[in-house]
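# Structural description and commentary
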Amino acid sequence: MKKSDIYVRGWGAVTALGWSAPESAQNLIAGKVMPARAGTASYLISPEYKAFEVPYSGNPLGKAQAMLEKALTEAISRAGLSLAEIAESSLLTGTTGGLFIRNEYEFTEAVRKNPGKESPAISCRNRGPGEVSDLIAGKYGIRGMRLTFSMACVSSSHALVVAAQLLEQKKIRRAIVVGFEPLLNLTLHGFASLLLYDYDQCRPFCATRSGMQIGEGAAAVILEQNGLPAQGKGKYKFAGGYLFNDNNSLTSAGIDGELVGDVIQQTLTSAQVLPGDIVAIKAHGTGTKDNDLSEGRGLVKLFGEKLPPVVSLKGAMGHALGAAGAIETAVWLSCLEEGLIPRSFGFVETDPEIGFTPALKNNPAPNGAYLFTYFGFGSTCTSYLIIKE
Amino acid sequence: MSSSSDEKKTILAMPVIAASYIGPALAPNLDAAWDEAQLPLNPDDLVQKIMGQPMRRAGRFIKMVCCGALACLKKVPPGYLKTKKIGIFLATGLGNVDEILPFITQVFKHEGGFPSPNQFANSVSNAAAFFLARICEIKGVILTISEEELSFESALWLAQSYLENGEIDLALVGGCDVFTPTVEEYHERMNLKPDNARLLPMGEGSSWLLLGKGNEEKIGDILAVEFGSKLVPPEEVSASENILSASEKLIAKTASSGKKRFLLPGFRMDKTDTHFWKQKGWEVDDYLPYCGIYPTAAAFGIARAMQKNTSTIFVHYNCHASGKQVFVAASTK
């Protein structure tokens, strides 16, 4: 993608830090960040897997739908979309679990309501990841193309890049890109089984890091070619979007950092931006040994001594898996609206193998290019720039 | 069918270089008999036959994805692929439920039982595409797309945009879903009700097309992939007049005169009036009895029609339970 004129027209997010992107950003900037805790929702069965849970009292299925609706409504409202504009929009969704929460909730409720009886077999009744886009399209009257990417941790970041590409090709007029991932026993236990879960605290890029912690949430980012600016202070251009999928390792992007460096270089080249022009980096920074090593080394190789502030949001909000791309973009944009680049949380000690310390204080957020990176399961990589004008 | 005027229509044909289909009988490119009550069959013989070695740690979904795609790639000389940039577009409505269910069962087991990390890794939504990419030594654009019963057509549409923008030379586009018990739960996962789909046995499959963009040696062309921008009400989902009109419009844009015309009805079309279609000069290629109902059955129908009939033009019609329609027009050499 070259000479992009794709702009962000609106965004919204629900995270453990708040039920809107500005609330999440303000809490992040103010340092009002609670550590991950044992899940309080009735269907979450293992308190040892601490997570970043969105606060809510009520039925977990209702909560999942409320997260989606709140994020969408916020984004659409910020973009000022008319009903006709919503109808002609295309919907690109990134999710891995979809509405699998339904299976977990119904099963645990059946067990709870029948104490002393043998547990029934768990059923899988959800309709696959595409069910989420059907739900959204039906609720908001979106009639354009629908594409759901089910690509683990890069699902919604890939969706953003594909959306920009389709806009560039004029295949679609407007893209509503959604990320959605409620907490699941499936993923909490899954990453623990892979020995990738930190039972204590997520510590991105820290020498003492020992794994990720999952955070739930939903977000929507609206992209448009030559679009009207979002209702806010800044104008945000989406540029250099690049996705790449390697085939060397299911769980790592290669700890030498070569792949990470190549992917980011491709992004910079296609956007015609020099490394020295990057104001700050919103890194993937999961807190796992290998991911942070590969990403850290890749960043150092590419930027060297001129490495701009590096921030991982996962120490504050957790890893939202397939929703991470949309959520972290939306919250970051709201931080830029506040005029500040947020700091990283969870860091204690520099890892000599990585060789840098992520940003430990908030920094001013001037106009310029901000780099976003994501490196997921299946050697999947996404990177893009958002240029504040 | 009305379409959004702002979205660029798919006009450029995509040459189909190879096609392959595997249905629930697990017999590549054969209309073999099968029985819903016997599903799912063990795919290990199929794996041995196509891959030449077992895939011991993979589940059925991953095996089916890899076998289906390799069966397609084997139809072209290996040298042909070596210099090409290939993108993989895996469409699946339900994904690897066969790995997810045993894993989550272990998680909820009250009396211990540590869930298998391998099973979790295989249950992740893009694991199948990763293994396929690894076997085929493909890097770059490898996407897993899920849009319920419109998954395959969505992947086809996206592949076309990638071919058009020059990022890839070839697109390997496939649809795969696997049968997981029970039949009743499978119905629920697919949102099948007596009044919104045909009454047919449930099935599974892995069917693939290798698409190009130039003057390659080909077996046919995908002429158009067109999604409706309005939702049709339930009573119009199977309306022959409307489907005929949309199909005629779609193929009118292409040089297809003189070719025999076929309609391939998707499983939401609960009845097909073959007499009506015959009167209008169309045959009906009812492929569903050969593969059963599953989210990506359209891939089976289209890949099979690509191989089965020469010098034809066909339109596959599909409709989502919500009323969103999609037409795929294609021609064979």
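The rules behind these values
Residues numbered from 1 in each chain as written. Chains lettered and ligands numbered in written order. Predicted model: local features only at pLDDT ≥ 70, side-chain atom pairs only at ≥ 80, totals over all residues. Helix = DSSP H or I, 4+ residues; strand = E, 2+ residues; numbered from the N terminus. Rg over C-alpha atoms; globule rule 2.2 N^0.38 Å. Buried ≥ 20, exposed ≤ 12 C-beta atoms within 10 Å, placed from the backbone. Contact = placed C-beta atoms within 7 Å. Expected span 1.5 Å × (residues − 1). Axes fitted to C-alpha atoms, helices over the stretch in contact; angles between N-to-C directions. Parallel < 35°, antiparallel > 145°, perpendicular 65-115°, else oblique. Left-handed = near helix turned anticlockwise from the far one by under 90°. Nonpolar A, V, L, I, M, F, W, Y, C, P; charged D, E, K, R; others polar. Domains from an automatic or database assignment. Core = buried A, V, L, I, M, F, W, Y, C linked by C-beta atoms within 7 Å. Pairing = 2+ DSSP bridges.

### Re the overall build of chain A
Across its full length, chain A carries 11 helices and 12 strands. Taken over the C-alpha trace, chain A has a radius of gyration of 19 Å; the compact-globule value for 389 residues is 21 Å, and the two agree within 12%. If one aligns the C-alpha atoms of chain A with their principal axes, the spans along those axes are about 65 × 55 × 40 Å. Within chain A, buried positions represent 66% of all 389 residues. Taking the intrachain contacts of chain A between residues at least 6 apart in sequence as the baseline, contacts between residues at least 24 apart amount to 82%.

### Focus: the overall build of chain B
When its secondary structure is counted, chain B shows 12 helices and 10 strands. Taken against the 2.2 N^0.38 rule, which gives 20 Å for 333 residues, the C-alpha radius of gyration of chain B at 19 Å falls within 12% of a compact globule. Projecting the C-alpha coordinates of chain B onto the three principal axes gives extents of approximately 65 × 50 × 40 Å. Out of the 333 residues belonging to chain B, those deemed buried represent 56%. Of the contacts formed within chain B by residues at least 6 apart in sequence, a portion of 77% connects residues at least 24 apart.

### Brief notes about helix 4 (residues 97-107) of chain B
A large share of helix 4 of chain B lies buried, amounting to eight of its 11 residues. Within helix 4 of chain B, burial applies to Val97(B), Asp98(B), Glu99(B), Ile100(B), Leu101(B), Phe103(B), Ile104(B) and Val107(B). Elements that come into contact with the buried residues of helix 4 of chain B comprise helix 7 (185-193) of chain A together with helix 2 (60-73) and helix 5 (117-123) of chain B.

### Regarding helix 8 (residues 258-271) of chain A
Along an α-helix, residues three or four positions apart point the same way, because every turn accommodates 3.6 residues. All names here are of chain A. For helix 8, built from 14 residues, the straight-helix expectation of 20 Å at 1.5 Å per residue is met to within 8% by its first-to-last C-alpha distance of 20 Å. Of the residues making up helix 8, those classed as buried are Leu259, Val260, Val263, Ile264, Thr267, Leu268 and Ala271. Buried-residue contacts for helix 8 involve strand 6 (236-245), helix 9 (289-303), strand 11 (368-376) and strand 12 (380-388). Following helix 8 by one or two positions, Gln272 has its phi on the positive side, about 55 degrees.

### Focus on the packing of helix 2 of chain B against helix 6 (residues 127-136) of chain B
All names here are of chain B. Packing of helix 2 against helix 6 brings their axes to within 9 Å, and their N-to-C directions diverge by 40 degrees. When the axes of helix 2 and helix 6 are compared, the pair comes out oblique. Between helix 2 and helix 6 lies a crossing of right-handed hand. Where helix 2 abuts helix 6, its residues Phe61, Ile62, Val65, Cys66, Ala69 and Leu73 lie against Ala127, Ala128, Phe131, Leu132, Ile135 and Cys136. Class assignment of the residues belonging to the contact of helix 2 with helix 6 gives a composition of 12 nonpolar, no polar and no charged.

### Some details on the domain arrangement of chain B
Residue and element names in this part refer to chain B. Each domain of chain B was delimited in the assignment, giving domain 1 (14-211) and domain 2 (221-332). Averaged C-alpha coordinates put domain 1 and domain 2 at centres separated by 22 Å. Counting residues at the interface gives 44 residues for domain 1 and 30 residues for domain 2. Within the residue set of the side of domain 1 that touches domain 2, elements represented by two or more residues are strand 1 (14-20), helix 7 (151-165), strand 4 (170-177) and strand 5 (205-211).

### Details of the packing of helix 6 (residues 155-168) of chain A against helix 11 (residues 324-337) of chain A
Residue and element names in this part refer to chain A. Where helix 6 meets helix 11, the axes come as close as 5 Å, and the angle between the chain directions of the two elements is 75 degrees. Taken as axis vectors, helix 6 and helix 11 run roughly perpendicular relative to one another. Mapping the contact onto sequence places Ser156, Ser157, Ala159 and Leu160 in helix 6 and Ala324, Gly325, Ala326 and Thr329 in helix 11. Tallied by class, the residues present in the contact of helix 6 with helix 11 amount to four nonpolar, four polar and no charged.

### Examining the nonpolar core
Judged by nonpolar contacts, the single largest core of 256 residues is most densely connected at Val177(A), Ala220(A), Val221(A) and Leu211(B). Examining the composition of this core, we find that 11 residues originate from one element, helix 2 of chain B, more than from any other. Counting six residues, the second-largest nonpolar core is a separate cluster that includes Cys206(A), Leu293(A), Phe347(A) and Ile354(A).

### Quick word on the pairing of strand 10 (residues 324-332) of chain B
Residue and element names in this part refer to chain B. Within strand 10, nine of the nine residues are buried, leaving the element largely enclosed by the surrounding structure. Neither face of strand 10 is left uncovered, since the one carrying Lys324, Val326, Val328, Ala330 and Thr332 and the one carrying Gln325, Phe327, Ala329 and Ser331 both have all their residues buried. Here strand 6 (residues 220-231) pairs with strand 10 via eight bridges, running antiparallel. Along strand 10, the bridge assignment pairs Val225 with Val328. Counted between consecutive antiparallel strands, the loop separating strand 9 (residues 312-319) from strand 10 contains four residues, among which Gly323 sits at a positive phi close to 105 degrees.

### Here we look at the environment of Gly128(A)
Checked against the element boundaries, Gly128(A) lands in the loop between helix 4 (101-113) and helix 5 (130-140). The spacing of Gly128(A) and Gly98(A) is 30 residues in sequence and 6.4 Å in space, taken between C-alpha atoms. Once residues within four sequence positions are removed from consideration, Gly128(A) is found in contact with Gly98(A), Gly93(B), Leu94(B), Gly95(B), Ser146(B), Glu148(B) and Arg189(B).

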